[in-house]
Amino acid sequence: MSSAGSPADPAPAPGPRAEVRNTKQRRAVRAALRSQSDFVTTQELHARLQDDGQKVSLATTYRVLQSMAEIGEVDTLRNDDGEAIYRQCEAEHHHHHLVCRRCGATVELEAPTVEAWAEQTASAYGYSDLDHTIEIAGLCPRCRQENTA
């Protein structure tokens, strides 16, 4: 797994969902992504699809993941190489991530204190209609233990 680093450029807030064709390839990508617990690159997900015998091209995998990100079905980050990585999150509401920069293990975080701070800061400057992304990167316990062994 590529290591996760900085957040992706903020995507526009998901609006009303456009009509998306539920093709066989989209269902295969969605199922493969659902079976992953951590963020994955498009190439990693495509390899998983190939291993599972799914006939989905790499270009289609890219298009489907980008479409899913645009409508808010998946979260997107950028790894240390600047490559987009994807994960279908459990939470259907706004949340943040704690990501291992070595193995990509991810914890979804509720952060009410951060939300209150963002609201107060924006209000102090007269801003409204907020959106923000916070990703915290570090070493998970397993990678930290491997690092000291």
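See the structure printed just above.
On a predicted model such as this, the values are computed, not experimentally measured, just so you know.

(A) Here's a closer look at the overall build of the protein chain. Of the regular secondary structure elements, the protein chain holds five helices and seven strands. Reading the protein chain from its N terminus to its C terminus gives the helix and strand order β-α-β-α-α-β-β-β-β-α-β-α. Taking contacts inside the protein chain between residues at least 6 apart in sequence as the whole, the part at least 24 apart equals 57%. When the accessible area of the protein chain is evaluated, it comes to approximately 9,400 Å², of which 49% is carbon and sulfur surface.

(B) Seen up close, the pattern of salt bridges. According to the stated counting rule, one finds three salt bridges in the structure shown. The shortest N-O distance in the salt bridge between Asp 52 and Arg 48 comes to 3.5 Å. As a salt-bridge pair, Arg 142 and Glu 146 come within 3.7 Å of each other at their nearest N and O atoms. You can see Arg 142 and its partner Glu 146 sitting in helix α5 (residues 141-148), four residues apart, about one turn around the helix.

(C) Seen up close, the packing of helix α2 (residues 42-51) against helix α3 (residues 58-70). Running from amino to carboxyl end, α2 crosses α3 at an angle of 120°, the nearest separation of the two axes being 10 Å. Considering the angle they form, α2 stands oblique to α3. The way α2 lies across α3 gives a crossing that is right-handed. From α2, Thr 42, Gln 43, Leu 45, His 46 and Leu 49 reach across to α3, where they touch Leu 58, Thr 61, Tyr 62 and Leu 65. Residue classes in the contact of α2 with α3 are distributed as five nonpolar, four polar and no charged.

(D) Broad picture of the pairing of strand β4 (residues 84-87). Of the two faces of β4, the one holding Ala 84 and Tyr 86 and the one holding Ile 85 and Arg 87 are both buried throughout. One ladder, built from two bridges, connects strand β2 (residues 40-41) with β4; its direction is antiparallel. Opposite Thr 41, over in β4, you have Ile 85 as the bridge partner. Note: strand β3 (residues 75-79) against β4, four bridges, orientation antiparallel. Bridging from a neighbouring strand, Asp 75 pairs with Arg 87 of β4. Counting the residues that bridge the hairpin from β3 to β4 gives four residues, and of these Gly 82 lies at a positive phi of roughly 85°.

(E) Structural context of the packing of helix α1 (residues 24-34) against α3. Two elements in contact, α1 and α3, have axes whose closest approach is 10 Å; the angle formed by their N-to-C orientations is 70°. Here α3 runs roughly perpendicular to α1, going by the angle between their axes. Between α1 and α3, the contacting residues are Gln 25, Arg 26, Val 29, Arg 30 and Leu 33 on the first element and Thr 60, Thr 61, Val 64, Leu 65, Ser 67 and Met 68 on the second. Its residues assigned to classes, the contact of α1 with α3 shows five nonpolar, four polar and two charged.

(F) Spatial organisation of the side chain of Glu 135. Position of Glu 135 among the secondary structure elements: in strand β7 (residues 135-138). Arg 87 provides the closest opposite charge to the buried, unpaired Glu 135, separated from it by 8.3 Å. Within the local environment of Glu 135, its side chain forms a polar contact with the side chain of His 97, the two groups lying 3.0 Å apart.

(G) Spatial organisation of α3. Taking 1.5 Å per residue, 13 residues should reach 18 Å; α3 reaches 18 Å between its end C-alpha atoms and fits that length. Of the residues making up α3, those classed as buried are Thr 60, Thr 61, Val 64, Leu 65, Ser 67, Met 68 and Ala 69. Along its buried surface, α3 packs onto α1, α2, β3 and β4. At the exit of α3 stands Gly 72, carrying a positive phi of roughly 85°.

Parameters at a glance
- Residue numbers restart at each chain and count upward from 1, following the sequence in its written direction.
- Given that the model is predicted, a residue must reach a pLDDT of at least 70 before its local features are reported, and side-chain atom pairs must reach 80 or more before they are shown or counted; all residues, however, enter totals for whole chains, interfaces and linings.
- Computation of side-chain values covers all heavy atoms of the structure but excludes hydrogens and water.
- Note on conventions: DSSP H or I runs of at least 4 residues are helices, E runs of at least 2 residues are strands, and numbering of each starts at the N terminus.
- Contact definition: two residues touch when any of their heavy atoms are within 4.5 Å.
- In this description, accessible areas are obtained by the Shrake-Rupley approach with a 1.4 Å probe, and a residue is regarded as covered only by the protein chains that are shown.
- For this document, the term salt bridge refers to a Lys or Arg side-chain nitrogen within 4 Å of an Asp or Glu carboxyl oxygen.
- To define axes, lines are fitted to C-alpha atoms, for helices over the stretch in contact only, and angles between the resulting N-to-C directions are given on a 0 to 180 degree scale.
- Here the angle decides the label: under 35 degrees means roughly parallel, over 145 means roughly antiparallel, 65 to 115 means roughly perpendicular, and every other value means oblique.
- Handedness of each helix crossing follows the sense of rotation of the near helix against the far helix: counterclockwise by less than a right angle gives left-handed, clockwise gives right-handed.
- Residues are grouped as follows: nonpolar covers Ala, Val, Leu, Ile, Met, Phe, Trp, Tyr, Cys and Pro; charged covers Asp, Glu, Lys and Arg; every other residue, Gly included, is treated as polar.
- Burial here depends on accessible area, computed with a 1.4 Å probe over protein chains only, as a share of the maximum for the residue type. Under 20% is buried, over 50% is exposed, and the range in between is partly exposed.
- The rule for pairing is simple: two strands pair if DSSP sees at least two bridges between them.
- In this tally, Lys and Arg are treated as positive and Asp and Glu as negative; His is ignored, and so are the chain termini.
- What qualifies as a polar contact is a pair of N or O atoms within 3.5 Å, subject to a donor-acceptor requirement within protein and to the restriction that residues adjacent in sequence count only when both atoms come from side chains.
- A helix's residues, less one, multiplied by 1.5 Å, set its expected span.

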